[in-house]
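Remarks on the overall topology
Next come the chains, spelled out residue by residue.
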Protein chains: 2
Amino acid sequence: MKVLDLTRVMAGPYCTMILGDLGADVIKIEREKTGDDTRSMGPFVNGESACFMMINRNKKSMTLDLKSEKGKNIFLELAKKADVIVENFRPGVVKKLGIDYETVKALNEGIIYCSISGYGQTGPYSNKGGYDIMAQGMSGLMSMTGEPNGHPVKVGISINDISAGVTAVYSIMAAFIQKLKSSRGQFIDVSLVESGLAWSVWESAGYFGEGIVPNRTGSRHRVSAPYQAYRTKGGYVLIGGANQRSWEKFCQKVVNRPEWIDDPKYKTPKDRIENVDDLERCIEEVLVKKTTQYWVDRLDDAGVPGGPIYTYDETLNDPHILERGMVQEFDHPVAGKLKTLGIPSKLSETPGKIRKPAPLLGQHTEEILREELLLSEEDIQQLLEENIISKEPLSIQK
Amino acid sequence: MKVLDLTRVMAGPYCTMILGDLGADVIKIEREKTGDDTRSMGPFVNGESACFMMINRNKKSMTLDLKSEKGKNIFLELAKKADVIVENFRPGVVKKLGIDYETVKALNEGIIYCSISGYGQTGPYSNKGGYDIMAQGMSGLMSMTGEPNGHPVKVGISINDISAGVTAVYSIMAAFIQKLKSSRGQFIDVSLVESGLAWSVWESAGYFGEGIVPNRTGSRHRVSAPYQAYRTKGGYVLIGGANQRSWEKFCQKVVNRPEWIDDPKYKTPKDRIENVDDLERCIEEVLVKKTTQYWVDRLDDAGVPGGPIYTYDETLNDPHILERGMVQEFDHPVAGKLKTLGIPSKLSETPGKIRKPAPLLGQHTEEILREELLLSEEDIQQLLEENIISKEPLSIQK
């Protein structure tokens, strides 16, 4: 799969990273001089953005002034040979640049052209600027997250950017499967708001089924208990002991309170939800006496689902996470040796792979022009002089 | 794509729903009598689970006692003709049942066999029971979500279940693309913990790059301001006015405080982050005087990214969401006409489609045995008598 990647910042680059991890050949096309905005986002390692390097591995970079006639024509020449184009400009921008789906399709019938935007390419809000936080707000996710009586909080990571990125990944793959069968391409329209909304299946089912509008519940489950974070000595522990068997094991083997099993306040799952505040108080009275690790061990021994709340340093140094290959290393020409996240989809025969580090700005411009478009050294020199491309490789030093 | 779906509850069923939405032929295999646990999860519409109906559309249902020799053999016969099998039992269960990857592969070299679990099929925690909340805790997501000084809160939706589901979707599609080229299948191992961790790209980049361990920030962005929820008269408004141009427009055209632009406390993005508490106070002093809708309109007029925090009733009745087809309707034989979420990946040529409502338990058992395995009426009668399958169709009335 050959991918031309016009995307910047997060949703689009996350999509093309996954395609690259799984074997696609990705050419990232960047603005000359500055490149993807993420290149100037800290923290930096030897002047290279750690965030940029994280989500742009397995890609080549070429600079191109898409606003110039020559730049546009170079893009269209590359588009003739591509399977997939991904862009996340505001709706309308690619049309203005003359590199929209209709234009490319006239040159390459098989092109799969995926546009990612805040609100989608059509509809009353399509022209609004949409960042992750607005999409979290509109898709309902924020209304579900936080303490019941506190301020609204956002999901800590940029969840709607990610949701749009992965929705784009599987949409592109679905279109590619069609293309392998029919040789025909298509246009794909993915938005941050809708991709997040599509994940709210329980919440939407409750609303459509009974008109229930769910509220935020802190760390609690809405219809199961105990299923939440409880305070321990110096921290918290997560317990998912909601089904009757887990609950009984929890009482007998974890907290040594067998009398709770027949307590009418906690007897059935329904009783426990009705008395959830009281249940929390009783459980915490016991749990605050020992550390999180103590309780995690006891939960494990009893076979009751439970676990810690890790911060990222704990997650990324946990022996299980390491054994599962979720921390890998690459060697970057400027930043040096650096750790990076591994690949969550473990395929036995064609596993994803970190084949190369994120590119320097324009690192592959000349190589691509030479090899893909067969341009001569004079042609390339001319493009450099006209500032259609930048001199390579360009490290954006901070 | 022919899919045999052994999954229950959320992560697996979400995966096979998307495959079905995009055109796959999905046979859901359920325990006789009770079926998928979600069938007994409220709310109910005419006795049918709204949650079950939401994520099991576009599937057929057959009952089968996999613990019986005959049931196992029927499964293996179906597996010979399948492209994909998806399961989310605890690691080891399919081996014990005699329907694991190695067994199926011996009968069907092209099988793509995807296992979804809490912690993955290998590693020290692989045998632990892993629900969504534990995966949120271990993958770091919870440590990022909530008020800085409050209790940890979870992401309101079951985000790690969903992350595993969509990671499985694109992994299966990647394997299917390989299969179309080579006719060979493979095993896929996806976990709730890793699929959520893989989304924490900025947070992991910060940790790997500089050893930064990010903390929860409520609704605020860690490195941009203003980018958060602010109180208004009776509610909140989201503002994403962090870049310099948006900030200046915000001061001039939204809140009419042009003097803030040159105020040394707010002059640069760095200044605004350093004085973020003070900035919040000043902005809220203005915003609390008018309603959310007033400020959303002013933000839109000024071209500054902003928006409301919707609850699900607001999201699912918003004119943009409706125009984008995110609310659809199906006709269920027992529940009647019911609304459901639309499809977030909009493909122009082969769009996803809600072709049929979620099945009743075992609704298609006899049809599948007859058409796929060419069993006679007597064979089917025999299986019914031995309780290998249930009499169809079975509505789990509550």
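Starting afresh in each chain, residues are numbered from 1 along the sequence in its written order. Here every chain gets a letter starting at A, and every ligand a number starting at 1, in the order they are written. Selection of residues for local features in this predicted model requires a pLDDT of at least 70, selection of side-chain atom pairs for listing and counting requires 80 or more, and totals for whole chains, interfaces and linings are taken over all residues. Excluded from the side-chain calculation are hydrogens and water; included are all heavy atoms of the structure.

The name given to chain A in an unreviewed UniProt entry is CoA transferase, and the organism recorded there is Peribacillus cavernae.

Moving on: the nonpolar core. With 150 residues, the main nonpolar core has A:Y14, A:M173, A:W199, B:Y14, B:M173 and B:W199 as its most contacted residues. Excluding residues within four positions of it along the chain, A:W199 makes contact with A:I159, A:S163, A:V166, B:Y14, B:I157, B:I159, B:I162, B:V166 and B:W199. We define a nonpolar core as any set of buried Ala, Val, Leu, Ile, Met, Phe, Trp, Tyr and Cys residues linked to one another through side-chain atoms lying within 4.5 Å. For every residue, the accessible area (1.4 Å probe, protein chains only) is compared with the maximum for its type, and the residue is labelled buried under 20%, exposed over 50%, or partly exposed between those bounds. Note on contacts: a residue pair qualifies if any of its non-hydrogen atoms lie within 4.5 Å across the two residues.

All names here are of chain A. Following both chains from N to C, one finds helix α10 (residues 244–254) and helix α14 (residues 292–302) inclined at 120°, their axes separated by 10 Å at the closest point. One finds that α10 runs oblique with respect to α14. For the pair α10 and α14, the crossing hand works out as right-handed. Facing K249, F250, K253 and V254 of α10, the residues of α14 in contact are W295, R298, L299 and A302. Here the contact of α10 with α14 is composed, by residue class, of 5 nonpolar, no polar and 3 charged. What counts as an axis is a line fitted to C-alpha atoms, over the stretch in contact for a helix, and the angles between N-to-C directions run from 0 to 180 degrees. A run of H or I in DSSP counts as a helix once it spans at least four residues, and a run of E counts as a strand once it spans at least two, with each numbered from the N terminus. Note on terminology: angles under 35 degrees are roughly parallel, angles over 145 are roughly antiparallel, angles of 65 to 115 are roughly perpendicular, and the others are oblique. If you view the pair so one helix is near and one far, a crossing is left-handed when the near helix is turned anticlockwise from the far one by less than a right angle, and right-handed when it is turned clockwise. The classification used treats Ala, Val, Leu, Ile, Met, Phe, Trp, Tyr, Cys and Pro as nonpolar, Asp, Glu, Lys and Arg as charged, and all other residues, Gly among them, as polar.

Attention now moves to the packing of aromatic side chains. The way to describe two aromatic rings as a pair is by their centre distance and the angle between their planes. All names here are of chain A. Aromatic rings from Phe, Tyr and Trp, taking only the six-membered ring of Trp, are treated as a pair when their centres fall within 6.5 Å; an angle between ring planes under 30 degrees marks them as stacked, one over 60 as edge-to-face, and anything in between as tilted. The tally for this structure, following the rule as stated, stands at 23 aromatic pairs over all chains. Their ring planes at 65° and their centres at 6.0 Å tell us that Y101 and Y113 sit as a pair that is edge-to-face. Taken as a pair, Y101 in helix α5 (residues 101–107) and Y113 in strand β7 (residues 112–117) lie far apart in primary sequence, 12 residues in all. One exposure class covers both Y101 and Y113, and it is buried. Arranged with centres 6.1 Å apart and planes meeting at 35°, the rings of Y113 and F187 form a pair that is tilted. Within this pair, whereas Y113 is found in strand β7, its partner F187 is found in strand β8 (residues 186–191), the two being separated by 74 residues in sequence. The two residues Y113 and F187 agree in class, both being buried. A network of ring pairs unites the aromatic residues W247, F250, W260 and Y266 as a single cluster. In this arrangement the basic side chain of K128 is found over the ring face of Y125, its NZ or CZ atom lying 5.4 Å from the centre. Here, over-ring charges are defined by two tests on the NZ atom of lysine or the CZ atom of arginine: distance to the ring centre within 6 Å, and angle to the ring normal within 35 degrees.

Once that is clear, we can look at the sheet that holds strand β2 (residues 25–30) of chain A. Across the sheet, which stays open at both edges, the 7 strands sit in the order β5(A)-β2(A)-β1(A)-β6(A)-β7(A)-β8(A)-β14(B) with mixed pairing between neighbours. This sheet does not close on itself; its edge strands, each paired only once, are β5 (59–63) of chain A together with β14 (346–347) of chain B. The pairing of strand β6 (residues 84–87) of chain A with β7(A) spans 4 bridges and is parallel. Within the sheet, the bridge partner assigned to A:E87 lies in β7(A) and is A:S115. Of the strands in this sheet, β6, β7 and β8 of chain A together with β14 of chain B are in contact with helix α7 (residues 159–182) of chain A, which crosses β8(A) at around 165°. Pairing between strands is defined by DSSP: at least two bridges between them are needed.

What follows concerns the environment of B:R57. Residues and elements named next belong to chain B. Note that R57 resides in the loop between α2 (50–55) and β5 (59–63). Ignoring sequence-local partners within four residues, the contact set of R57 consists of M17, D21, T340, L341, G342, I343, I354, K356, P357 and A358. Any pair of N or O atoms that falls within 3.5 Å is considered a polar contact. Within protein, one atom must be able to donate a hydrogen and the other to accept it, and sequence-neighbouring residues count only if both atoms are side-chain atoms. One polar contact links R57 to T340, side chain to side chain, over a distance of 3.3 Å. Within the structure, the side chain of R57 is placed 2.6 Å from the backbone oxygen of L341, a separation counted as a polar contact.

With 136 residues of chain B in contact, the opposing surface of chain A contributes 135 residues. Buried area is understood as the total, over both parts, of accessible area removed when two parts are fitted together, assessed with a 1.4 Å probe. For the chain B and chain A pair, buried surface summed over both sides reaches about 12,000 Å², with 69% attributable to carbon and sulfur atoms. Area buried by chain B at its contact with chain A is led by B:Y170, B:W202 and B:Y312, which between them contribute 8% of it. Criterion for a salt bridge: a side-chain nitrogen of Lys or Arg within 4 Å of a carboxyl oxygen of Asp or Glu. Along the contact surface separating chain B from chain A lie 10 salt bridges.

A word on the sheet that holds strand β10 (residues 235–240) of chain A. All names here are of chain A. Strand order in this open sheet of 3 strands is β9-β10-β11, and the pairing throughout is antiparallel. The open sheet has two free edges, formed respectively by β9 (227–232) and β11 (306–307), since each of these has just one partner strand. Sitting on the sheet, helix α13 (residues 276–287) touches β9 and β10, and the angle it makes with β9 is about 40°. Here α14 sits on the sheet and contacts β9, β10 and β11; the angle it forms with β10, its principal contact strand, is near 15°.

Let us now look at the pattern of salt bridges. With the rule as written, the count across this model stands at 60 salt bridges over all chains. In this structure, B:E77 engages B:K80 in a salt bridge whose closest nitrogen and oxygen atoms are separated by 3.0 Å. Taken as a pair, B:E77 and B:K80 lie in helix α3 (residues 69–80) at a separation of 3 residues, close to a single helical turn. B:K80 sits in the partly exposed class, given a relative accessible area of 39%. Across the salt bridge formed by B:R220 and B:D277, the nearest N and O atoms sit 2.9 Å from each other. Pair noted here: B:R220 is in the loop between α9 (201–210) and β9 (227–232) and B:D277 is in helix α12 (residues 276–287), with a separation of 57 residues, a long-range link. Several salt bridges share partner residues, and in doing so they unite A:D189, A:E194, B:R324 and B:K346 into one network.

So, about the side chain of B:K154. Within the element layout of this structure, B:K154 appears in the loop between α6 (132–138) and α7 (159–182). Counted as positive: Lys and Arg. Counted as negative: Asp and Glu. His and the chain ends are not counted at all. Despite its burial, B:K154 pairs with no opposite charge, the nearest such side chain being B:D132 at 5.1 Å. For B:K154, the residues in contact, after removing those within four places along its chain, are A:T145, A:G218, A:S219, A:R220, A:H221, B:I133, B:Q136, B:M142 and B:T145.

The next subject is the domain arrangement of chain A. It is common to give the size of an interface as the accessible area lost on bringing the parts into contact. Boundaries between domains were set according to an automatic or database domain assignment. The domain boundaries assigned to chain A delineate domain 1 (2–198 + 322–385) and domain 2 (227–313). For domain 1 of chain A versus domain 2 of chain A, the distance between C-alpha centres works out to 43 Å.

Our focus in this paragraph is the packing of helix α1 (residues 11–21) of chain A against α7(A). Residue and element names in this part refer to chain A. Closest axis-to-axis distance for the α1/α7 pair is 8 Å, and the angle between their directions is 45°. With respect to their mutual orientation, α1 and α7 come out oblique. For α1 against α7, the interelement crossing comes out right-handed. From α1, A11, Y14, C15, I18 and L19 reach across to α7, where they touch D161, I162, A164, G165, V166, A168, V169, I172 and M173.

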